[in-house]
Number of protein chains: 2
Amino acid sequence: MSIATKDIIIEKVKNSKIDQVDFDNLAFGSVFTDHMLVCTYKNGAWETPTITPYQPITLDPSAKIFHYGQSIFEGMKAYKDKNNDVFLFRPLDNHKRLNISAARMCIPQIPEDYFMEGLTTLLNLDKDFIPTKDGGSLYIRPFMFASGNGFHASPANEYKFIIACAPSGAYFSGKVKVLIEEKYSRSANGGVGYAKAGGNYAGQFYPTQLAIEKGYNQVIWTDDTSHEYIEEAGAMNIFIRINDTLLTGPTSDRILDGITRKSILEIAKDQGIKTEVRKITVKEVVAAAKDGSLKEMFGAGTAAVISPIAGFGYRDTDYDLPELENSFGERLKKIITDIQYNKSEDKFGWRYQVKS
Amino acid sequence: MSIATKDIIIEKVKNSKIDQVDFDNLAFGSVFTDHMLVCTYKNGAWETPTITPYQPITLDPSAKIFHYGQSIFEGMKAYKDKNNDVFLFRPLDNHKRLNISAARMCIPQIPEDYFMEGLTTLLNLDKDFIPTKDGGSLYIRPFMFASGNGFHASPANEYKFIIACAPSGAYFSGKVKVLIEEKYSRSANGGVGYAKAGGNYAGQFYPTQLAIEKGYNQVIWTDDTSHEYIEEAGAMNIFIRINDTLLTGPTSDRILDGITRKSILEIAKDQGIKTEVRKITVKEVVAAAKDGSLKEMFGAGTAAVISPIAGFGYRDTDYDLPELENSFGERLKKIITDIQYNKSEDKFGWRYQVKS
Ligand SMILES: Cc1ncc(COP(=O)(O)O)c(C=O)c1O
Ligand SMILES: Cc1ncc(COP(=O)(O)O)c(C=O)c1O
């Protein structure tokens, strides 16, 4: 299968809705651009992708997405530099990960050219929606789900691959407070935690609501067997700085292999920051908080970028993190966003310019 | 909130499609009745339920069902006796479990009267679709999902509760061969395995496909920590008979609390069959298969009723189960289906007649 930009069937909007977007007050992922990409998998093959006005999807009540959670997604961003050129960050890694998720959820693989040609063609149509205000970006949501019908609990025979985009502001406003969770879990050994599968997120809502009620913003998950090891947060991988070493847990079949996480690790090494990828116990983090060697914690993810953590709760005790002069998180955030917004040299080869 | 049958807004089909249903060759859950029940949750409350012709659902591409797997369901059956009277089996337990699933997935509770009045009104309209052929029944699928919009990974602000029905034949044709799984897992400690959440099912598809490729029909899940204990199958709880004792594992936050399972336990006790609800190790089952004390295994669930297991695979060895004269599974299946189809006295009070 192979597709070129010129093959994509395009139906443009008659009237853009860009004038209705309040670019000075963007929430996260709640207003959408003029167009969307839709590609249907049927009879064992992907049909020609189409770009249409952003519009509702119509499905049979027995479509398996409603019953069996056969759905996956990706999260990406498009950034504009001061010349209004458009950039993506490591988009091929999102494509690869989408297919890793697809394999685990029995969803057909989407070819790279369908993904990349579809995405860049869509961005060229909707690039006026990319915010230029500091910290703003166009959040891009490629997703795939089972559109085939029937109540039999087995993979569907039809799927949709869709890309929709939302001009967005920050995911979190300000520093976040996290709760280290010991009762509920995000994923099982041998489960689907490493996939960006829809069900992984809904499963987090209830424990997260409980944490929010207690005054936290997010849950930090621990392993479901012993609850002794730090895993990740709802939509971010977690970094912990003890003295001058930056720690993050290893990826596994329970943890999403974050693109921000692996980029941060490379940048940190390049910056001469000592990093360690190893299992991190809750115990050592609590001990470090008590003896003052815990300097900072932050979450890392496409939506959240680098989100500093103000403190964490564990077994009814709150631990505050100190204000720092020389924050690794701040430094790393500046370096990664400078690459993303084309403000600095791209020494790692991560920037991807969307050619018009 | 309270609703009566007369409050439900009904729009009937102009032409029934019942003539298109081949009642002699029914698959499972692939043809649907004339009508469906739809109820929308909005602004913090359930709106008036409506019954409409069975028809497509239209949703925004950002509806959270597509992204975060916030969906749950139930599986029930309607049975007809020889007088064409219509019966349900313990329907209030399905309602209760739907709300248990809802709580875990941050979906609003559906009041009992919305569920029961909606269901019985729908069944009265579509009762001609209930198969009368031996082993046939109307499979009923109540489901709820997040129809509210936005890419923020948090609970939706709008939901749909829908009931759709499918005249159905047997879920499995003939005895099933199962594979005891040691690598992949169905659910985590502290996870959502006890909920009928959509994502639990999609997560099973891939390991089940692998098992099917090896010649099995279903996977028997083991606990994700040690893989030493038998949990349940894809859509059935598991019973194991060693000598004359009928064993099944205890429910937990990883296992669905099956209505068939608990009914079987009660019937077995009433029949003087010795039952034990306790953790079952794979080791003891393999040892029992080897020394001949393993007499039978069967799955129990609404869709599968009681499905005899012909044999199981474990670590590249296949273990066949003997043909039995006095099968507990057969005996229990006859008793439970006689209750369901109103062929016997209902000594446990489980039958629920749908009044017309
Ligand atoms: C569970 C989870 N962990 C981590 C991440 C961070 O991954 P990435 O940096 O690729 O966005 C995300 C979101 O994107 C996520 O959903
Ligand atoms: C995972 C799972 N286990 C067990 C069962 C059996 O439950 P019940 O007997 O209530 O149908 C089902 C299906 O209904 C199921 O989906």
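Note that the coordinates shown come from a computational prediction; the quantities given were computed from them, not determined experimentally.

Asker: Even after reading the chapter, I still don't get the overall build of chain A, so can you show me in this structure?
Answerer: What chain A contains, in helices and strands, is 7 helices and 20 strands. In terms of overall dimensions, chain A is globule-like: its C-alpha atoms have a radius of gyration of 21 Å, near the 21 Å expected for 356 residues. Expressed as a percentage of contacts within chain A between residues at least 6 apart in sequence, the contacts between residues at least 24 apart total 72%. As displayed, chain A has an accessible area near 14000 Å², and 46% of this comes from carbon and sulfur atoms.

Asker: How should I be thinking about the domain arrangement of chain A in this particular structure?
Answerer: Where interface size is given, it is often the accessible area lost as the parts come together that is meant. Residue and element names in this part refer to chain A. Segmenting chain A into domains produces domain 1 (5-168) and domain 2 (176-338). Look at where the C-alpha atoms of domain 1 and domain 2 centre, and you get two points 28 Å apart. Domain 1 puts 18 residues into the contact, and the matching count from domain 2 is 20 residues. Three residues, Phe73, Arg97 and Arg104, lead the burial of domain 1 against domain 2; their summed loss comes to 38% of the area buried on that side.

Asker: Looking at this model, I keep getting lost on the UniProt feature "modified residue: N6-(pyridoxal phosphate)lysine" (unreviewed entry) in chain A. Mind explaining?
Answerer: Here the UniProt-annotated "modified residue: N6-(pyridoxal phosphate)lysine" (unreviewed entry) positions come out as Lys196 of chain A. Excluding residues within four positions of it along the chain, Lys196 of chain A makes contact with Ser71, Ile72, Phe73, Glu74, Gly75, Arg97, Ser101, Tyr201 and Leu256 of chain A.

Asker: When you look at the side chain of Glu181 of chain A in this model, what are you seeing that I'm missing?
Answerer: All names here are of chain A. Tracing the sequence through the fold places Glu181 in the loop between β11 (176-180) and α4 (198-213). A polar contact is formed between the side chain of Glu181 and the backbone nitrogen of Tyr184, at a distance of 2.9 Å. When neighbours within four sequence positions are excluded, Glu181 is seen to be in contact with Pro207, Val219, Ile220, Trp221, Thr222 and His227.

Asker: For this particular structure, what's the right way to read the packing of aromatic side chains?
Answerer: Here the distance between the centres and the angle between the planes together describe a pair of aromatic rings. All names here are of chain B. Applying the stated criterion to the full structure yields 44 aromatic pairs over all chains. Across the ring face of Phe328, the terminal group of Arg241 is positioned such that the distance to the ring centre comes to 3.6 Å. Geometry around Phe87 places Arg351 over its ring, the cationic atom sitting 5.8 Å from the centre.

Asker: What is the right way to read the interface of chain A and chain B from this model?
Answerer: Facing 58 residues of chain A, the contacting portion of chain B comprises 58 residues. Regarding the contact of chain A and chain B, the summed buried area is about 5000 Å², with carbon and sulfur atoms giving 66% of it. Looking only at chain A, the three residues that lose the most surface to chain B are Phe66, Phe151 and Phe205 of chain A, adding up to 16% of its buried area. Applying the counting rule to chain A against chain B returns 0 salt bridges. Contributing elements (two or more residues each) for the side of chain A that touches chain B: β5 (57-59), α1 (64-68), β6 (71-73), α2 (91-104), β9 (137-146), β10 (159-168) and α4 of chain A. Per element, the largest residue contribution to the side of chain A that touches chain B is 9 residues, and it comes from α4 of chain A. Split by residue class, the side of chain A that touches chain B holds 32 nonpolar, 21 polar and 5 charged.

Definitions and cut-offs
Residues numbered from 1 in each chain as written. Chains lettered and ligands numbered in written order. Predicted model: local features only at pLDDT ≥ 70, side-chain atom pairs only at ≥ 80, totals over all residues. Heavy atoms only, no water. Helix = DSSP H or I, 4+ residues; strand = E, 2+ residues; numbered from the N terminus. Rg over C-alpha atoms; globule rule 2.2 N^0.38 Å. Contact = heavy atoms within 4.5 Å. Areas by Shrake-Rupley, 256 points an atom, 1.4 Å probe, with all protein chains shown as cover. Domains from an automatic or database assignment. Buried area = accessible area lost by both parts, 1.4 Å probe. UniProt positions renumbered as here; feature names shortened; annotations may be inferred. Polar contact = N/O pair within 3.5 Å; in protein donor to acceptor, adjacent residues only side chain to side chain. Phe/Tyr/Trp six-rings, centres within 6.5 Å; stacked < 30°, edge-to-face > 60°. Lys NZ or Arg CZ within 6 Å of the ring centre and 35° of its normal. Salt bridge = Lys/Arg side-chain N within 4 Å of Asp/Glu carboxyl O. Nonpolar A, V, L, I, M, F, W, Y, C, P; charged D, E, K, R; others polar.

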